[in-house]
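The chain contents come next:
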Amino acid sequence: MNNIINQISHWELLDIEKPARYLGGEANQAKIKANPKLRVCLVFPDLYELGMSNQAIKIFYESINNRDDVMAERCFAPWPDFEALLRRKNLPLYSLETGTALNQFDALYITLPYEMTFTNVLYILDLGGIPLLWKDRKDGPVIIAGGPSAANPMPVSKFMDAIFIGDGEESILEMCDVLISAKEAKSSISEKRKALSKISGMWVPEFPAKSVTRRVFKGFSQSAPPLHPVVPNVQATHNRAAIEIFRGCIRGCRFCNAGFYYRPKRERPVENIVKYSCEMLKNTGEETLGLLSLSTSDYSNFESLVKALQASKLYPEQTISIPSLRMNDNTIKLLDETPQIRKGGLTFAPEAGTQRLRDVINKNITEEDIINVMKTTGDSEYRTVKLYFMMGLPFEKDEDIEGIVALVKRLEEIGRSTKPKKQISISLSGFIPKPFTPFQWAGQNSIDELKRKRVMVCKGLEGSSTKISWREEYLCLLESVLARGDEKICDLILAAYQNGCKLDGWFEHFSREGWEKAFEQTGIKAEDYTRSHNISEKLPWDFIDFLTPRAFFEKEYRRAAEIAGEEVE
């Protein structure tokens, strides 16, 4: 086996930022298997630090490597300095475990967590010596994508041999079985795709006639999380042992794709979470336990869980990290009664500045809830409060933007009277209509309109101590195009990559010029994808059964319009 990392000298690595990203050999790395029947590489199309925090990668890595007949390895997108080194030495991108070129694997399983990684997929395939288009592949690894941003598979359909929609715990092992059988039968790559298309939840672009139903892992509640996660060599974005305490959401925010993608809500029992958490902390040496879900304070037995975790602490300094909270009474009670929660800032997402618009988007918190949380936590150790708002939401009016300013000023006033004083920061982002939500038909504000609204907030808070950050408006437009795209968007992504676009989620590497040139080269108009759609229109993703009826999304969209005093066609 040719380990590519052995062809790179220590002196060359010294010129690379964070060379440990590319070396492997971490604690809990899977043992190398001599002659597995199948070798797969789990690919996260962004940097090592982000990928090592991704829960899907951890789940699949451990479940596959628990089998004797399959070996799973890992690969992440390199920073441009390491890319330059590989190209200079004419070396392909490789796996961390054995330094094997990507084109030598039987399959690549690519997780797509957000749309701005789409060019990174081409970046990784290109560096790995793999043809970018499935039609050009006659042999080599089968390329399979999945994850939340694959819910609408059309924008990446020319690059993938197969695309999986839904929970992957069971299907990932079914894929391995299918590929082992195909490998033993010396099947062609087309025959492998045909065999994969029979897996529930799998869509294969070569055989697109098949209808696809989103896959749900019904055994989640009694399943074990990854208990031996690999401990990163470089500090990961989320530096903690993390356990998913429940999957799904019951809130039904009308803008939220994740809330519908992960339905129904399924909880792990308290006793299982405590048992697994102790094992995970012991196996990683971490002192912080992260409790993961779309909204952690919605766990039905949260108070009992926190008390049980406190009673079973392995280390005196052990703390709990809770990344997602709602501004309601449950959260207040939680913060009051759990001093072992890691102190830092409080982060909430009111999303809209007025109660009218929060009702329109079905964000189930009131102005009173928001104010009450701020007052109740006033004398706590939490020194910072960060709030997330969206602009350009469906049926939004200027009064709603002014409402953001008014709400922040009220919270500032409360924060000044507390000890310690609270520092408020807000993050603004343009609304992005996502598939499989009630707002999938809604239009997106133009770049100029989003800028106008952002300036309204900034001017309204001039002289304020609140820190304001925002997402660049062009990125919001681009994400909307990539999320709601059809097959033609593959050509846009390919052109953008050929124009040098990659690592689009990183400000220092994002090339608006490269994307604008790609729109010009392909003749694709962004407004065709950001415009509002008539409810009767056929959408590119309508062939997928998301297990939430289209009629429900339509009803919810009409309900939002009714609350706003408007109509939709």
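These numbers come from a predicted model, not from an experiment. (Residues numbered from 1 in each chain as written. Predicted model: local features only at pLDDT ≥ 70, side-chain atom pairs only at ≥ 80, totals over all residues. Heavy atoms only, no water.)

## Concerning the environment of Leu 42
Right, on to step 1. Note on placement: Leu 42 falls in strand 1 (residues 38-44).
Right, on to step 2. With 34 residues separating them in the primary sequence, Leu 42 and Phe 76 have C-alpha atoms 8.6 Å apart.
Right, on to step 3. With residues up to four places along the chain from it excluded, the contact list for Leu 42 reads Ile 57, Phe 60, Tyr 61, Ile 64, Ala 72, Glu 73, Arg 74, Cys 75 and Tyr 109. (Helix = DSSP H or I, 4+ residues; strand = E, 2+ residues; numbered from the N terminus. Contact = heavy atoms within 4.5 Å.)

## Comments concerning the packing of helix 3 (residues 55-65) against helix 6 (residues 169-184)
Right, on to step 1. One can describe the packing of helix 3 onto helix 6 by two numbers: an axis separation of 10 Å at closest approach and a directional angle of 45 degrees. Accordingly, the angle class assigned to the pair helix 3 and helix 6 is oblique. In this structure, helix 3 meets helix 6 at a crossing whose hand is right-handed. Contacts from Ile 59, Phe 60, Ser 63 and Ile 64 in helix 3 reach Glu 169, Ile 172, Leu 173 and Cys 176 in helix 6.
Right, on to step 2. Here the contact of helix 3 with helix 6 is built from residues that sort into six nonpolar, one polar and one charged. (Axes fitted to C-alpha atoms, helices over the stretch in contact; angles between N-to-C directions. Parallel < 35°, antiparallel > 145°, perpendicular 65-115°, else oblique. Left-handed = near helix turned anticlockwise from the far one by under 90°. Nonpolar A, V, L, I, M, F, W, Y, C, P; charged D, E, K, R; others polar.)

## Side note on helix 3
Right, on to step 1. With nine of 11 residues buried, helix 3 lies mostly within the body of the structure.
Right, on to step 2. Residue Asn 54 occupies the N-cap position of helix 3, its side-chain oxygen lying 3.1 Å from the main-chain nitrogen of Ala 56. (Buried < 20%, exposed > 50% of the residue type's maximum accessible area, 1.4 Å probe, protein only. Polar contact = N/O pair within 3.5 Å; in protein donor to acceptor, adjacent residues only side chain to side chain.)

## Remarks on unusual backbone geometry
Right, on to step 1. For the bond running from Arg 263 to Pro 264, omega is -5 degrees, close enough to zero to count as cis.
Right, on to step 2. On the secondary structure map, Pro 264 appears in the loop between helix 8 (257-261) and strand 10 (266-267).
Right, on to step 3. Positive phi, close to 50 degrees, is recorded for Leu 503, a residue that is not glycine.
Right, on to step 4. One can find Leu 503 in the loop between helix 17 (488-498) and helix 18 (512-522).
Right, on to step 5. Exposure remark for Leu 503: the relative accessible area of 0% places this residue in the buried category.

## A short note on the sheet that holds strand 12 (residues 319-321)
Right, on to step 1. A sheet is described by the order of its strands in space; here three strands give the open sequence 8-11-12, paired in parallel fashion. On the outer flanks of this sheet lie strand 8 (241-244) and strand 12, each paired with one strand and no other. Each neighbouring strand pair of the sheet contributes to a mean axis angle of 30 degrees, computed without reference to strand direction.
Right, on to step 2. As judged from the three bridges shared by strand 11 (residues 288-292) and strand 12, these two strands associate in the parallel manner. In the strand pairing of strand 12, Gly 290 is matched with Ser 321.
Right, on to step 3. Relative to strand 8, helix 9 (residues 270-284) is tilted by about 155 degrees, and along the sheet it contacts strand 8 and strand 11.
Right, on to step 4. Contacts from helix 10 (residues 302-311) reach strand 11 and strand 12 within the one sheet, and its direction differs from that of strand 11 by about 160 degrees. (Pairing = 2+ DSSP bridges.)

## Observations concerning the pairing of strand 4 (residues 142-146)
Note on strand geometry: in a regular strand, side chains alternate between the two faces of the sheet.
Right, on to step 1. Across the five residues of strand 4, five count as buried, placing the element largely inside the fold.
Right, on to step 2. By the alternation rule, side chains of strand 4 split into Val 142, Ile 144 and Gly 146 and Ile 143 and Ala 145, which are all buried.
Right, on to step 3. Bridge analysis of strand 3 (residues 107-111) against strand 4 gives five bridges, and the strand direction is parallel. Across the sheet, Tyr 109 pairs through a bridge with Ile 144, a residue of strand 4.
Right, on to step 4. Between the parallel pair strand 3 and strand 4, the chain is carried across by helix 5 (residues 118-127), and the sense of this crossover is right-handed.
Right, on to step 5. Bridge count between strand 4 and strand 5 (residues 162-164): two bridges; the pairing is parallel. Counted as the bridge partner of Ala 145 is Ile 163 from strand 5. (Right-handed = clockwise from strand over helix to strand, strands pointing away.)

## Some words on the sheet that holds strand 1
Working definition: the strands of a sheet are paired by backbone hydrogen bonds and lie parallel or antiparallel to each other.
Right, on to step 1. Spatially, 2-1-3-4-5-6 is the arrangement adopted by the six strands of the open sheet, whose pairing is mixed. Here the strands that pair on one side only, and so sit at the sheet edges, are strand 2 (70-76) and strand 6 (202-203).
Right, on to step 2. Where helix 3 meets the sheet, it contacts strand 1, strand 2 and strand 3, and its direction lies at approximately 155 degrees from that of strand 2.

## Quick word on the packing of aromatic side chains
Right, on to step 1. Taken as a whole and assessed by the stated rule, the structure comprises 18 aromatic pairs.
Right, on to step 2. Taken together, a centroid distance of 5.4 Å and an interplanar angle of 80 degrees make the contact between Tyr 48 and Phe 76 edge-to-face. Of the two residues, Tyr 48 sits in helix 2 (residues 48-51) while Phe 76 sits in strand 2, which places them 28 residues apart along the sequence. One exposure class covers both Tyr 48 and Phe 76, and it is buried.
Right, on to step 3. Judged by centre distance (6.0 Å) and plane angle (90 degrees), the ring pair of Phe 431 and Phe 439 falls under edge-to-face. Just as Phe 431 is buried, Phe 439 falls in that class too.
Right, on to step 4. Through pairs of rings, three or more aromatic residues link up here, namely Tyr 261, Tyr 262, Phe 436, Trp 541 and Phe 546.
Right, on to step 5. When the ring centre of Phe 105 is taken as origin, the NZ or CZ atom of Arg 39, which lies over that ring, is 5.0 Å away.
Right, on to step 6. The side chain of Arg 214 reaches across the aromatic face of Phe 546, ending 5.1 Å from its centre. (Phe/Tyr/Trp six-rings, centres within 6.5 Å; stacked < 30°, edge-to-face > 60°. Lys NZ or Arg CZ within 6 Å of the ring centre and 35° of its normal.)

## Thoughts on the packing of helix 15 (residues 447-460) against helix 16 (residues 473-483)
Right, on to step 1. Between helix 15 and helix 16, the shortest axis-to-axis distance is 9 Å and the interhelical angle comes to 135 degrees. By the criterion of interaxial angle, the relationship of helix 15 to helix 16 is oblique. When you trace helix 15 past helix 16, the crossing you get is right-handed. Of the residues in helix 16, those touching helix 15 at Ile 447, Leu 450, Lys 451 and Arg 454 are Glu 473, Tyr 474, Cys 476 and Leu 477.
Right, on to step 2. Grouping the amino acids of the contact of helix 15 with helix 16 by side-chain chemistry returns five nonpolar, no polar and three charged.

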